[in-house]
Amino acid sequence: MPSLKDFRVRIASVQSTKKITSAMKMVAASKLRRAQEAAEAARPYAERMEKMLGNLAGSFKGQAGAPKMMAGTGKDDVHLLLVMTANRGLCGGFNSNIIRMARTTIRELRDQGKTVKVLCVGRRGRDNLRRDYCDLIVDSFTEFGRKTVALVEAAQVATKVTDMFEAGQFDVCTMIYSRFKSAMTQIPSRQQIVPFPAPASAAPSVPYDYEPSDKEILQDLLPRNLAIQVFRSMLENAASFYGAQMTAMDSATRNAGDMIRNLTLRYNRTRQAMITKELIEIISGAEAV
Amino acid sequence: MADTLTFDLVTPGRLLLSEQVEMVIVPGSEGYFGVLPKHAPVISTLRPGVIDVHQGGAVTRQFFVAGGFAEVSAAGATVLVEEACAVKDITRDMVENRKAEAAALADNAATDDDRKKAARARWVADEMAAVIARAG
């Protein structure tokens with residue numbers, strides 16, 4: 001039977017935990033708003049770029065001479081997975097959902113006899129995957145998104161991917177990240193970024209003039225598009241992370257509240273039991289005299 | 001009222017401008033070109049330079065862009081740039097910083113790619129300086 005002092009200590013410690021989690025929830029909520037705004041602000045650029053690429057890709061349809069980044073290498077033996085996670089935990093199932101998806105993907109691809117390489121963005125993913133797939137990880141970026149997601153960081157990732165592709169180190173690159181649906185729901189998703197999946201739409205209705213030439217524009221546009229896609233998923237990831245963290249911290253705060261209520265109840269019961277016991281002792285002592 | 005076209009200026013961070021304008025002049029990589037309503041569809045890369053937005057027969061806004069892409073279609077003109085700022089916001093300090101950065105890049109360049117990047121940065125800085133010189 002724990003003593004009254006034990007109860008008091010435990011209640012105090014749960015109370016301070018509750019304070020911390022509720023503060024973290026607050027912080028996550030305000031950061032979530034900012035991350036969400038950033039993700040929304042980045043949308044027009046990505047959408048328009050996609051449209052422009054779609055138009056360009058339309059003019060290349062069925063033609064030889066499209067850049068390799070769009071046409072692919074003609075094989076799909078070596079897969080590169082870009083696993084994007086957060087740098088920190090305390091966010092419920094956010095990281096583990098992404099990691100689980102990455103693991104399933106690795107397993108599936110291996111079952112099909114493909115070679116898999118992994119590029120980690122975010123410390124959590126690297127730390128977790130390193131345990132089982134240490135030999136697959138080619139590189140990792142773990143210093144990103146300290147405060148806000150910057151395009152420069154996305155560009156670094158994109159450059160790395162482009163370099164690897166040009167060196168012929170992989171055939172297909174897929175990004176695994178968490179799509180932001182709402183503060184409560186984040187959907188781990190896969191998106192193929194290399195070779196660029198040509199949009200289903202037919203060739204543009206109006207023929208475009210290209211300056212300097214369609215090929216040169218495409219050569220310029222594709223790496224940039226890669227950076228933008230990475231950037232966008234990084235933003236989505238950041239928003240998802242704060243959403244998940246907010247939800248996790250909210251339920252942690254609520255749990256702590258429940259626990260405090262429970263402990264207080266038991267504390268009072270024990271206190272009353274002790275008083276009763278003392279009274280009985282006094283009364284029976286008085287009777288004995 | 002004269003014919004207008006929809007002009008969008010978009011950076012990765014945000015939609016900088018989206019409005020009906022009479023004409024825009026865009027720094028295409030093969031020379032500046034003006035876009036009026038019903039312009040033939042064109043996709044072009046951009047060089048560092050200034051975008052002039054014409055409204056009511058006069059230039060109402062000017063943006064400095066460091067290069068990007070322009071698409072003109074029946075729907076209007078869209079300019080995608082990684083960096084853009086209003087010309088009136090450019091300061092001498094910014095230009096000096098840019099020049100210093102470009103010089104640093106050139107000093108540290110080890111590969112051809114790096115050298116190309118440095119040259120590009122230098123070009124952007126020079127264009128910026130030219131813009132400021134013109135503005136006085």
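Every chain begins its residue count from 1, and numbering advances along the sequence as written. Chain labels run from A onward and ligand labels from 1 onward, assigned in the order the entries are written. With pLDDT at 70 or above as the cut-off, local features in this predicted model cover only qualifying residues; side-chain atom pairs require 80 or more to be listed or tallied, and sums for whole chains, interfaces and linings still use all residues. Side-chain metrics in this entry use all non-hydrogen atoms of the structure; hydrogen atoms and water are not considered.

Draft legend 1. Local environment of the side chain of S240 of chain A. Starting at the N terminus, helices and strands are each numbered in turn, a helix being any DSSP run of H or I of at least four residues and a strand any DSSP run of E of at least two. You can see S240 of chain A is positioned in helix α7 (residues 214–288). In this structure, S240 of chain A is in contact with F94, S178, R179, F180 and Q186 of chain A, ignoring residues within four places of it in sequence. Contacts: residue pairs with any heavy atoms within 4.5 Å of one another.

Draft legend 2. Structural context of the nonpolar core. Residues and elements named next belong to chain A. Formed by 51 residues in total, the largest nonpolar core has its most connected members in L82, V161, F170, V194 and V230. Looking at this core, the elements that each hand over two or more residues are α2 (43–60), α3 (68–71), β1 (78–84), β2 (115–121), α6 (151–166), β4 (172–180), β5 (186–194) and α7. Beyond its immediate sequence surroundings of up to four residues, V230 is in contact with L82, M84, A154, V157, M175 and I193. Grouping buried Ala, Val, Leu, Ile, Met, Phe, Trp, Tyr and Cys residues that are joined through side-chain atoms within 4.5 Å yields what is termed a nonpolar core. Relative accessibility thresholds used throughout: buried, under 20% of the residue-type maximum; exposed, over 50%; partly exposed, between the two (1.4 Å probe, protein chains only).

Draft legend 3. Representation of unusual backbone geometry. Cis geometry marks the peptide bond from V194 of chain A to P195 of chain A; its omega dihedral reads -10°. For P195 of chain A, the position within the fold is in the loop between β5 and β6 (209–211). With an omega of -5°, the peptide bond running from E211 of chain A to P212 of chain A counts as cis. Mapping P212 of chain A onto the fold places it in the loop between β6 and α7. Phi angles above zero are rare outside glycine, and L90 of chain A is one such case at about 55°. Within the secondary structure, L90 of chain A is located in the loop between β1 and α4 (94–111). Its identity is not glycine, yet K38 of chain B carries a phi of approximately 65°, on the positive side. Here K38 of chain B shows up in the loop between β4 (31–35) and β5 (42–45).

Draft legend 4. View of the pattern of salt bridges. A side-chain nitrogen of Lys or Arg and a carboxyl oxygen of Asp or Glu constitute a salt bridge if their distance falls within 4 Å. Under the counting rule described, the total for this entry stands at 20 salt bridges over all chains. Among the ionic pairs, R43 of chain A bridges to E236 of chain A, the shortest N-O distance being 3.9 Å. Highlighted residues: R43 of chain A in helix α2 and E236 of chain A in helix α7, separated in sequence by 193 residues. With relative accessibility at 32%, the residue R43 of chain A sits in the partly exposed group. Ionic pairing is found between R48 of chain A and D8 of chain B, a salt bridge with its closest N-O pair at 2.7 Å. On the criterion of chain membership, the pair formed by R48 of chain A in helix α2 and D8 of chain B in strand β1 (residues 5–10) is interchain, its members lying in two chains. Ionic contacts of the salt-bridge type, sharing partners, join the residues K25, D250 and R254 of chain A into one network.

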